[in-house]
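# Examination of the molecular architecture
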Amino acid sequence: MATSATQCPYGIASHSYVEFGHKLEFSSSNFPSKVELPGLNLYPSSVSTINSKVCVRRICSLPDIDDIFSDIIATPLLDVVENPIHLKNLTIKELKLLAGEIRSELSSIMSKTQNDFKASLAAVELTVAIHHVFHAPVDKILWDVGEQTYAHKILTGRRSLMHTLRQKEGLSGFTSRSESEYDPFGAGHGCNSISAGIGMAIARDIKGKRERIVTVIGNGTTMAGQVYEAMGNAGYLDSNMIVILNDSRHSLHPKIEEGSKTSITALSSTLSKLQSSKSFRRLREVAKGVTKRIGMHELAAKVDEYARGMMGPLGSTLFEELGLYYIGPVDGHNIGELVCVLQEVSSLDSMGPVLIHVITEENQCAEYKQPSEAMENQHEGSFDSDGLLYNMHARTYSDCFVKALIMEAEKDKDIVIVHAGMEMDPSLQLFRERFPDRFFDLGMAEQHAVTFSAGLSCGGLKPFCIIPSTFLQRAYDQVVHDVDRQRIPVRFVITNAGLVGSDGPTMCGAFDITFMSCLPNMIVMAPSDEDELVDMVATAVHTDDHPICFRYPRGAIVGTDHYTHSGIPIEIGKGKILIEGKDVALLGYGEMVQNCLRARALLSKLGIEVTVADARFCKPLDMKLLRQLCENHAFLVTVEEGSIGGFGSHVSQFIALDGQLDGRTKWRPIVLPDKYIEHALPKEQLALAGLTGHHIAATVLRLLGRTREALLLMC
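Residues numbered from 1 in each chain as written. Predicted model: local features only at pLDDT ≥ 70, side-chain atom pairs only at ≥ 80, totals over all residues. Heavy atoms only, no water.

- The name given to the protein in an unreviewed UniProt entry is 1-deoxy-D-xylulose-5-phosphate synthase, with the source organism recorded as Salix udensis.
- Of the comments in the UniProt record for the protein, the one headed Subunit (unreviewed entry) reads "Homodimer."
- UniProt lists a comment for the protein under the heading Pathway (unreviewed entry), and it reads "Metabolic intermediate biosynthesis; 1-deoxy-D-xylulose 5-phosphate biosynthesis; 1-deoxy-D-xylulose 5-phosphate from D-glyceraldehyde 3-phosphate and pyruvate: step 1/1." (UniProt positions renumbered as here; feature names shortened; annotations may be inferred.)

Okay, here's the thing in structure tokens:
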């Protein structure tokens, strides 16, 4: 086996084997052989031997690194950084060069894999500074948003697998405890890192340990109520932890974005360093003690608040009121300033919770562009980046929904949209431009969105509350008590329903059928194609006595006709038979009707006559249709892209109580398996879930006792 040695600047020599799956060795003249923490030796020898498979654990395939980086510019510093320990002895100048190398590599890899990388590009210097100052994985570094963590992944032993991001058996698009020891907590929907960080800090204190807890939050996170609940609790508990607000200057409101922004000046930089210094903090604590003894504590606290409010930007005193010591603003692209502030904060033994306000810019790399304009708006839970079987210009369910709703809104001035979750689907911009006063984008404020929609409905409007399935979970209490229990006609549009490809289990909409259909007053439906989606929009518009919801998946619509017809309201609780047979009945819910039709085509070649029915409604069920299917067929199979307890469970409840299972009818459900399905292409996820046309056909064959043919069909 051949080896190669590379002489790098800064006194670093790297030695690596050509083939992956073997060991990589790093010898260092400048890097420390040992880093001491209390009671812990992080780096026990001068030669680090790292097995490339250890860092990623569940990753099954390892590529040839030469194939990945063959066309990337030279990265001599990054080439020898296998984990954060290698950053410890780098100078500020070298850290700046390293940040530039990471940015170039990220831009190249992410542009090829069609993933959104602007957030990570903005956080490169911040990530480098954090790993230079703190000692992960002993110190816990938590992130709120997955898109900010790609530089973190590169620096923590996952560089060679970045091209597998969001692919089957590849790296997750989020932080993952099962993927790396450098990910102490999973990031997905945002707003959880401070809460988890407080828990870790209190556990540390109780156990008498000394590791630092660092959480990084973004602008979108600050829309969520949990963040402020966590900050208030952190201030009350007064345990040592560091919250870094990565302020990329985003706002939900364009008018605010056009206004004044927090600026970084020489004075603000100097004040940030002063605020974070040991001497200033100690002087402040001494002053607090003196004023308490002489009975002037309240007056001194007000003077301190006013003074610090004058030093900090607008709104900085909010964090102080919550109990966090505010430092900032700090230039997020000035590594020297970041390192200075982080070192000062990390050196304090007793500091309580601290918030460091870091200003970054996302447009940090002009030479690399996103693959398309549509991809530029991509975010967690907002757009599909899987490279599906359709091209970027294919018409999606969201496109169809928005066009249908615009047609209805032109006729009915009471229709309004309330959107919550992560960044909105680009197609919703059409409605916003057409009816700007009837569109409300609330960001990550799902609980507020639901109750706000209920208030709009009580005021005589017809709100369509659009929330991705996985984000609606966070607002379930409001759905129950503020909408369903009061029978308020809010129209829930549940997007990203079912499997979501590259976003994996974090964004998977597996549970909405189950948790919405168990509510007594809720009407629950799902379209099988774009025509039914248009009709369900019209149905929702004309439903004024119940809350109602419908779901649709990511991805391209079934048909190719770009004409959107005027919607015709569907009779509530009415399904339909698409094709009649005599041997087996397939009853599909939502888009799974299409896979039932594919299964029928396969079975017809084997001489099996299959009825395919479209349920359309999970609640109320079409009881007449169910009785007809049971009476005319020996076998009934229900198919849905949802968890156990959903559509199939409602069907089984009815036919059992109706006595249909007492006779010759046999019923089998096909649902998502009782496990989380990891990120992969949608067709791969469907196969893993057993929901493809072939899997449905195989289930029917086994029911008929034709096991051999079922096995052959799956080969």
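From this point, things continue past the structure.
## So, the packing of aromatic side chains
- Under the counting rule described, the total for this entry stands at nine aromatic pairs.
- Ring plane angle 45° and centroid distance 6.4 Å describe the contact between Phe431 and Phe439, whose orientation is recorded as tilted.
- With a relative accessible area of 6%, Phe439 lands in the buried category.
- Feature note: the residues Tyr397, Phe401, Phe550 and Tyr552 constitute an aromatic cluster, connected by ring pairs.
- The positively charged end of Arg166 is found above the aromatic ring belonging to Phe174, 5.3 Å away from the centroid.
- The ring of Phe435 carries Arg438 above its face, with NZ or CZ at 4.4 Å from the centroid. (Phe/Tyr/Trp six-rings, centres within 6.5 Å; stacked < 30°, edge-to-face > 60°. Buried < 20%, exposed > 50% of the residue type's maximum accessible area, 1.4 Å probe, protein only. Lys NZ or Arg CZ within 6 Å of the ring centre and 35° of its normal.)

## Brief notes about the sheet that holds strand β23 (residues 666-670)
- Spatial strand order, β18-β20-β19-β22-β23: five strands in an open sheet with mixed pairing. In this open sheet, the two edge strands, each paired with only one partner strand, are β18 (576-579) and β23. Across the sheet, the axes of successive neighbouring strands diverge by a mean angle of 25°, strand direction being ignored.
- As judged from the five bridges shared by strand β19 (residues 584-588) and strand β20 (residues 610-614), these two strands associate in the parallel manner. From the neighbouring strand, Ala585 faces β20, where its bridge partner is Thr611.
- Contacting β18, β19, β20 and β22 (635-639), helix α22 (residues 592-604) runs over the sheet at an angle of about 170° to β20. (Pairing = 2+ DSSP bridges. Helix = DSSP H or I, 4+ residues; strand = E, 2+ residues; numbered from the N terminus. Axes fitted to C-alpha atoms, helices over the stretch in contact; angles between N-to-C directions. Contact = heavy atoms within 4.5 Å.)

## Structural notes on the environment of Leu713
- As for its position among the elements, Leu713 is in helix α27 (residues 707-714).
- Sequence separation between Leu713 and Ala698 is 15 residues, and the spatial gap between their C-alpha atoms is 6.7 Å.
- Non-local contacts of Leu713, meaning those with residues more than four positions away in its chain, are made with His694, Ala697, Ala698 and Leu701.

## Describing the sheet that holds strand β12 (residues 415-419)
- Here we have seven strands laid out as an open sheet, ordered β13-β12-β14-β15-β17-β16-β21, and mixed in their pairing. Only two strands of the sheet have a single neighbouring strand rather than two, namely β13 (439-441) and β21 (617-619). On average, each strand axis in the sheet is inclined to that of its neighbour by 20°, with strand direction left out of account.
- Strand direction decides the pairing type here: strand β16 (residues 523-525) and β21, joined by two bridges, are antiparallel. When the bridges of β21 are listed, Met525 appears paired with Phe617.
- Packed on one face of the sheet, helix α14 (residues 397-411) meets β12, β14 (462-468), β15 (491-495) and β17 (548-551) and runs near 145° to β12.
- Contacts from helix α16 (residues 446-458) reach β12, β13, β14 and β15 within the one sheet, and its direction differs from that of β14 by about 165°.

## A look at the side chain of Asn595
- Within the element layout of this structure, Asn595 appears in helix α22.
- Among the residues examined, Asn595 registers a relative accessible area of 7% and is labelled buried.
- Within polar-contact distance, the side chain of Asn595 engages the backbone oxygen of Leu691 at 2.7 Å.
- Those residues in contact with Asn595 that sit more than four places away from it in its chain are Leu686, Leu691, Thr692, Gly693 and Ile696. (Polar contact = N/O pair within 3.5 Å; in protein donor to acceptor, adjacent residues only side chain to side chain.)

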